[in-house]
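# Overview (structure and organization)
Okay, here's what each chain looks like letter by letter:
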Amino acid sequence: MDTLDNMFVSNWSNVHFSVPPSYVQPIENRPGKVISSSSKAIPVIDFGAHDHDDIAKQILKASEEFGFFQVINHGVSKDLMDEAVNIFKEFHAMPPKEKVNECSRDPNGRCKFYTSSENYKKDAVQNWKDTLTHSCPPSEQVIEYWPQKPPKYREIVRKYTQELGTLGFKILELLCEGLGLNQEYFCGELTENPALIVHHYPPCPNPSLTLGVVKHRDPSIITILLQDEKVHGLQVFKDGEWIVVEPIPNAFVVNIGLLLQIISNGRLIGAEHRVVTNSSTSRTSVAYFIYPSCESIIEPSNNMVNENDAPRYKSMTFGEFRRNFFNKGANIEAELLY
Ligand SMILES: O=C(O)CCC(=O)C(=O)O
Ligand SMILES: [Fe+2]
C-alpha cells in the first residue's frame, strides 16, 4: 500500500482484522449500554402538519428537553436527498490520492479531506472515520474550491446545500417564534458561513473498543444531519444515558449547537452526542453546520436575559469561540461560563 492508503481508515480497515491500539478508547468512553425505548426517543416533528403554532411549540420543547429532534415532510425532495447521499458515497469510494487532490484548491484551507478529526495530531485516541468538509453558499465563491470529481459533485451539492439553507432558516424562524426573538434574528452574519461535513465510517473489526466520533457538542448554531437510512450509529447523551437516534427514511436529524445554547442563555441544549461503529456495514452521514461569520458576536440575546435570569455566558466573537473550541475540546464550557 502507498502511504496515502495507510493514512485513511477507509483504505486500510478492510485488511486489518483487529483494532490498532491508537483507536482503542479508554474503558470509560467505550460504547456500553444504550437506551432505545420509545419513552426516551428523540422527538419526530412533521413539518407537513397544518398547525403552524403547534410545530413551533414542538420544536421549542424538543430543543429544551433533548437539544435534538428529527423532521419529516420538510420540503427537501427525496430525489435530491438520494442524489446527494450517492454522490458523497462515490466521493468517499475514490482512491485516496484523488480525494486529497480534489480538496487541495482552497487557499483558505476550508475544503479538506482528513482522517479521524481536524485535530488528528492532538487526538489522544483516533476516531474510526474519514471526513470531507467545505464551506457552502450563500458565498458563491466557495464553490470554486469544491471537488470536481465525481463529475456531478458541484451541480448536486450546490442544489442540496441551497435547499438545506432554506430549511435551516425555516427551523430557526420557528425557534425564534418559540423563544420570542425577532423573526429575522438569524438572517444576517449569524448564519453567513455554513459548512458541510461528510463522514464515512467503514466497518470496524471490534466496535466495542472504538468510536466513530467521541462525545461532543457541535460548535454551530444548529446542525442538520442526513444519516444513512439503514445504519445505526448516532447516540445522544441525556440524563446520564445514551439514547439511539433511530434512522428514519427521508428524515433530517436537527440538533442545537453550542452557539444557540449561548444565544438562548442556556434555555436550549447543545446536547452531547457521539457515533458508534459497527462490524458489518459502512455508514455515511452528511452534516450541514450553520456557522456565523468570524466577526459575529456570540452572546446571550437581550431577550433571553432579565433581572431573574442574568447572562450565563461571556460574550466573544465566533473567531475567538472557535479557537477556544479547538484548543479546549470537551472542556470548553468552563471558558464560556461567567
Ligand atoms: O455521523 C453522525 O451521525 C454525526 C456526526 C457528528 O456528530 C458531527 O459531525 O458533529
Ligand atoms: Fe456532532
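For the protein chain, an unreviewed UniProt entry supplies the name Fe2OG dioxygenase domain-containing protein and the organism Lupinus angustifolius. Within the UniProt record for the protein chain, the comment given under Sequence similarities (unreviewed entry) is "Belongs to the iron/ascorbate-dependent oxidoreductase family."

## Thoughts on the coordination of the iron ion (ligand 2)
Six octahedral donors around a metal ideally make angles of 90 or 180 degrees; four tetrahedral donors ideally make 109.5 degrees. Those donors, His216 (NE2), Asp218 (OD) and His273 (NE2), are the protein atoms that reach the iron ion (ligand 2), and they lie 2.1 Å from it. The sequence motif formed by the donor residues of the iron ion (ligand 2) is H-x1-D-x54-H. Of this pair, His216 sits in strand S6 (residues 213-216) while His273 sits in strand S11 (residues 273-275), and the two are 57 residues apart along the sequence. The exposure class of His273 is buried, given its relative accessible area of 5%.

## Notes on the UniProt feature "domain: Fe2OG dioxygenase" (unreviewed entry) in the protein chain
This chain's UniProt record puts "domain: Fe2OG dioxygenase" (unreviewed entry) on residues 191-292. In this annotation, residues 191-292 is assigned 6% helix and 40% strand; the end-to-end C-alpha distance for the span is 5 Å.

## Focus on the side chain of Thr133
Following the sequence through the fold, Thr133 ends up in strand S4 (residues 130-135). The buried category is assigned to Thr133, whose relative accessible area is 6%. Here the side chain of Thr133 touches Leu196 through a polar contact of 2.8 Å, landing on its backbone oxygen. Residues contacting Thr133, with those up to four places away along its chain left out, are Arg110, Cys111, Lys112, Tyr114, Leu196 and Ile197.

## A word on empty space enclosed by the protein
Empty space left among the atoms is revealed by rolling a probe the size of a water molecule over them. Here the structure, examined in full by the defined rule, presents two cavities of 30 Å³ or more. Of the volumes computed, that of the largest cavity is approximately 50 Å³. Taken together, Tyr201, Pro202, Pro203, Val231, His232, Val275, Val276, Thr277, Asn278, Thr281 and Arg283 form the lining of the largest cavity. Within the lining of the largest cavity, the residues separate by chemical class into six nonpolar, four polar and one charged. Empty space within the second largest cavity amounts to approximately 40 Å³. In the lining of the second largest cavity, the residues fall into five nonpolar, one polar and one charged.

## Regarding the packing of aromatic side chains
In this structure the tally under the stated criterion is 15 aromatic pairs. Both rings, one in Trp12 and one in Trp128, keep their centres 5.4 Å apart while their planes meet at 90 degrees; by these two values the pair is edge-to-face. Taken together, the residues Trp12 in helix H2 (residues 9-12) and Trp128 in the loop between strand S3 (112-115) and S4 connect sequence positions 116 residues apart. Their ring planes at 65 degrees and their centres at 5.1 Å tell us that Tyr185 and Phe186 sit as a pair that is edge-to-face. Residue Phe186 is classed as buried on the basis of its relative accessible area, which comes to 3%. A network of ring pairs unites the aromatic residues Phe8, Phe88, Phe91, Phe113, Trp146 and Tyr153 as a single cluster. A cation over an aromatic ring shows up here: Lys238 above the ring of Phe66, its NZ or CZ 5.0 Å from the ring centre. Taking NZ or CZ as reference, Arg274 lies 3.9 Å from the ring centre of Trp242, over its face.

## Structural notes on the sheet that holds S6
Spatial ordering of the open sheet is given by S6-S11-S8-S9, a layout of four strands whose pairing is antiparallel. Either end of the sheet is taken by a strand with one partner, and the two such strands are S6 and strand S9 (241-244). Between one strand axis and the next, the sheet turns through 25 degrees on average, direction left out of account. In this sheet, S9 lies alongside strand S8 (residues 234-238) in antiparallel orientation, the contact comprising four bridges. Looking at S9, one finds that Phe237 is bridged to Trp242.

## A closer look at unusual backbone geometry
A negative phi holds for most residues other than glycine; trans holds for most peptide bonds. A cis geometry characterises the amide bond from Lys149 onward to Pro150, with omega recorded as -10 degrees. Its identity as a non-glycine residue notwithstanding, Ser116 has a phi of 70 degrees, on the positive side.

## A few points about helix H6 (residues 153-179)
Look at H6: 38 Å from first C-alpha to last across 27 residues, which is about the 39 Å you get at 1.5 Å a residue. In the stretch just after H6, Gly180 is the one whose phi turns positive, near 75 degrees.

## Observations concerning the site of ligand 1
Near ligand 1 you find His199, Tyr201, His216, Asp218, Leu225, Leu234, His273, Val275, Arg283, Ser285 and Phe289, and these make up its full shell. At 3.0 Å from an oxygen atom of ligand 1 is found a side-chain nitrogen or oxygen belonging to His216. Protein chains bury 95% of the 290 Å² of accessible surface belonging to ligand 1 in isolation. Taken together, the elements giving at least two residues each to the shell around ligand 1 come down to strand S5 (195-201), S11 and strand S12 (283-289). The biggest single contributor to the shell around ligand 1 is S12, with three residues. Here the shell around ligand 1 is composed, by residue class, of five nonpolar, four polar and two charged.

Reading guide: rules and limits
Residues numbered from 1 in each chain as written. Chains lettered and ligands numbered in written order. Predicted model: local features only at pLDDT ≥ 70, side-chain atom pairs only at ≥ 80, totals over all residues. Heavy atoms only, no water. UniProt positions renumbered as here; feature names shortened; annotations may be inferred. Donors = N, O, S within 2.8 Å, 3.2 Å for Na, K, Ca; no water. Helix = DSSP H or I, 4+ residues; strand = E, 2+ residues; numbered from the N terminus. Buried < 20%, exposed > 50% of the residue type's maximum accessible area, 1.4 Å probe, protein only. Polar contact = N/O pair within 3.5 Å; in protein donor to acceptor, adjacent residues only side chain to side chain. Contact = heavy atoms within 4.5 Å. 1 Å grid on protein atoms, 1.4 Å probe; cavity = no way out; pocket = protein on both sides within 12 Å on 5 of 7 lines; lining within 4 Å. Points joined across faces, edges and corners; volume = space filled by probe spheres on them. Nonpolar A, V, L, I, M, F, W, Y, C, P; charged D, E, K, R; others polar. Phe/Tyr/Trp six-rings, centres within 6.5 Å; stacked < 30°, edge-to-face > 60°. Lys NZ or Arg CZ within 6 Å of the ring centre and 35° of its normal. Pairing = 2+ DSSP bridges. Axes fitted to C-alpha atoms, helices over the stretch in contact; angles between N-to-C directions. Expected span 1.5 Å × (residues − 1). Near = heavy atom within 4 Å. Areas by Shrake-Rupley, 256 points an atom, 1.4 Å probe, with all protein chains shown as cover.

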